[in-house]
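Residue-level structural notes
One-letter residues, chain by chain:
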Amino acid sequence: MFRKTGTLLTAALLGLTATVGWAGPAAAAPSAAADAPTFSLSRLVLEPTERGYRGSLRVTITNNSDSTDGFYFQIREPVAASFAGGPESHCDPDGVSEGRLVRSCGLPQGNELAAGESRRAPVEFQVLTTPRSYPMIATDGSITVYSWKFGSLGTVPFSAQFRSLDGKLARPQTYVQDTQPDASIELAGPVTDGPENTRRVPLRVRYAGDAANFGLSVRATPLPAGSMILHTDPWDGPVYSERAFVPGGQLMAGEEREIALLISRPTDPADETAPINLELSTDWVETVPDIDPSDNTVTFNLALPTS
């Protein structure tokens, strides 16, 4: 999608560094020459929704030269795990910086801009925390825009503004995200017969905090001979014999989900009474221990309850 030049000019050499404050409507990268490309940012205002906060940052790039040039930008999210994609966001994963995900993004309708042309690219964000009665701010975002001809056009920090439930943005408090996950798991009912010679194991998982996550996964050990996790109910994504991802992706603070594992029956029916430990983990770019690991494991077996 993107093409990087072999000699990227730094923002310091070009004198193109700008700063975005929470109260400013936008920020623009000043240019060293009249025909150099420029870019500007809108404010990122996160609106409270039924599922956390959501908002869009708009990046506008202008080709001031007299010939066609290509552009893309690299952006670091202001809140961990807040990239939300979206139909107009043309972004690919590009690593991690200081605990924040990084994306490289192209422009809608292609990365080339004709002489004098401007184009705006939106990037959507979602923060899965409980909306507050007061405004907040997070200041860890940054963006670097690149030109195929000029290299780096500068790096600009930006903030995420959280609108309060009553619509206010002024005098925000600093948003402090949890650094450790707080997940839990429990059996949600008895083991029952499932389709195609399986046992259905109902589970309830809960995510109490707003620590960054891609989702949750469970690992069953030891599984008796002939048994493996075949799929989840609802079905959503891959399973790997003894490991399965909790359907639904990212979880927000306070969210609870009921799922079931479909596990094939053991080769030897006597092994149905063998205990199986099921451990819940929070998936993120790094391994972070749960704040309370005592509720991350349940034990069960594949035998049907006796009446």
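In the block above lies the structure referred to throughout.
Here's a quick rundown of the structure. (Residues numbered from 1 in each chain as written. Predicted model: local features only at pLDDT ≥ 70, side-chain atom pairs only at ≥ 80, totals over all residues. Heavy atoms only, no water.)

Attention now moves to the nonpolar core. The nonpolar side chains of a soluble globular protein tend to be buried with one another. Of all hydrophobic cores here, the largest spans 35 residues; its most connected members are I61, F73, I75, F125, I143 and F162. Counting residues per element, the ones that place at least two in this core are β2 (38-42), β3 (44-48), β4 (53-62), β5 (69-76), β8 (100-105), β10 (118-127), β11 (136-147) and β12 (151-162). Tallying contributions element by element places β12 first for this core, with five residues. L203, A211, L280 and V298 belong to the second largest nonpolar core, which has 24 residues in total. (Core = buried A, V, L, I, M, F, W, Y, C linked by side-chain atoms within 4.5 Å. Buried < 20%, exposed > 50% of the residue type's maximum accessible area, 1.4 Å probe, protein only. Helix = DSSP H or I, 4+ residues; strand = E, 2+ residues; numbered from the N terminus.)

The tally for this structure, following the rule as stated, stands at one disulfide. Note that C91 is cross-linked by a disulfide to C105, the S-S spacing being 2.1 Å. Across the S-S bond of C91 and C105 the torsion is about 105°, and the bridge reads as right-handed. Of this pair, C91 sits in strand β7 (residues 91-97) while C105 is found in strand β8, placing the two residues 14 residues apart along the sequence. Taking the relative accessible area as the measure of exposure, C105 reaches 0% and is therefore buried. (Disulfide = S-S within 2.5 Å.)

Below, the discussion takes up unusual backbone geometry. Looking along the chain, the bond that leaves T221 and enters P222 is cis, with omega of -15°. Mapped onto the elements of the fold, P222 is located in the loop between β17 (215-221) and β18 (229-233). The backbone of A81 sits at a positive phi, close to 65°, despite the residue not being glycine. Note on placement: A81 falls in the loop between β5 and β6 (83-85). A positive phi angle is found at R171, which is not glycine, with a value near 50°. Topologically, R171 is positioned in the loop between β12 and β13 (173-174).

By way of backbone hydrogen bonds, the strands of a sheet pair with one another, either parallel or antiparallel. The five strands are arranged β19-β20-β17-β22-β23 in an open sheet whose pairing can be described as antiparallel. At either end of the open sheet lies a strand with only one pairing partner, and these are β19 (239-240) and β23 (297-300). In terms of strand pairing, β17 meets strand β22 (residues 276-283) through seven bridges, oriented antiparallel. Residue pairing for β22: G215 is matched across the bridge by D283. (Pairing = 2+ DSSP bridges.)

Another aspect to go through is a nonpolar patch on the surface. Residues V96, F214 and V285 make up a contiguous nonpolar surface patch of roughly 250 Å² in combined accessible area. Relative to the helices and strands, F214 is located in the loop between β16 (198-207) and β17. Take F214: its relative accessible area is 41%, and that puts it in the partly exposed class. (Patch = residues over 30% accessible without salt bridge, like charges linked within 9 Å, V, L, I, M, F, W, Y side chains within 5 Å. Areas by Shrake-Rupley, 256 points an atom, 1.4 Å probe, with all protein chains shown as cover. Salt bridge = Lys/Arg side-chain N within 4 Å of Asp/Glu carboxyl O.)

Further remarks concern the environment of L216. Counting through the fold element by element, L216 comes out in strand β17. L216 sits 68 residues away from W284 along the chain, and the two C-alpha atoms are 9.0 Å apart. Beyond its immediate stretch of four places on either side in the chain, L216 contacts A183, V205, Y207, F245, V246, L251, L280, S281, T282 and D283. (Contact = heavy atoms within 4.5 Å.)

Moving on: the pairing of β8. Across a regular strand the side chains alternate sides, sitting on one face of the sheet and then on the other. Counting buried positions along β8 gives six out of six residues, so the element sits mostly inside the fold. Burial along β8 is two-sided: R100, V102 and S104 facing one way and L101, R103 and C105 facing the other are all buried. Pairing between β7 and β8: five bridges, direction antiparallel. By the bridge assignment, S97 is partnered in β8 with R100. Where β7 hands over to β8, the hairpin turn is made up of two residues, of which E98 adopts a positive phi near 50°.

In this section: the packing of aromatic side chains. Scanning all chains against the criterion turns up seven aromatic pairs. With centroids separated by 5.0 Å and ring planes inclined at 35°, the aromatic side chains of F162 and Y175 adopt a geometry described as tilted. Here the residue F162 occupies a position in strand β12, and Y175 occupies one in the loop between β13 and β14 (183-187), the gap between them amounting to 13 residues. Ring pairs connect the aromatic residues Y53, F162 and Y175, which therefore count as one cluster. (Phe/Tyr/Trp six-rings, centres within 6.5 Å; stacked < 30°, edge-to-face > 60°.)

Attention now moves to empty space enclosed by the protein. Empty space among the atoms becomes apparent when a probe as large as a water molecule is rolled across them. Throughout the structure, instances matching the rule amount to two cavities of 30 Å³ or more. Here the largest cavity is characterised by a volume of approximately 90 Å³. Partitioning the lining of the largest cavity into residue classes produces ten nonpolar, six polar and one charged. (1 Å grid on protein atoms, 1.4 Å probe; cavity = no way out; pocket = protein on both sides within 12 Å on 5 of 7 lines; lining within 4 Å. Points joined across faces, edges and corners; volume = space filled by probe spheres on them. Nonpolar A, V, L, I, M, F, W, Y, C, P; charged D, E, K, R; others polar.)

As a further point, take the layout of surface pockets. Empty space within the largest pocket amounts to approximately 320 Å³. In this structure, the largest pocket is lined by 20 residues; those nearest its centre are L280, S281, T282, T287 and V288. Counting residues per element, the ones that place at least two in the lining of the largest pocket are β17 and β22. Top element by residues in the lining of the largest pocket is β22. It accounts for five residues. Taken together, the residues of the lining of the largest pocket sort by class into eight nonpolar, six polar and six charged. Of the voids in this model, the second largest pocket is the one considered here, and its volume is about 200 Å³.

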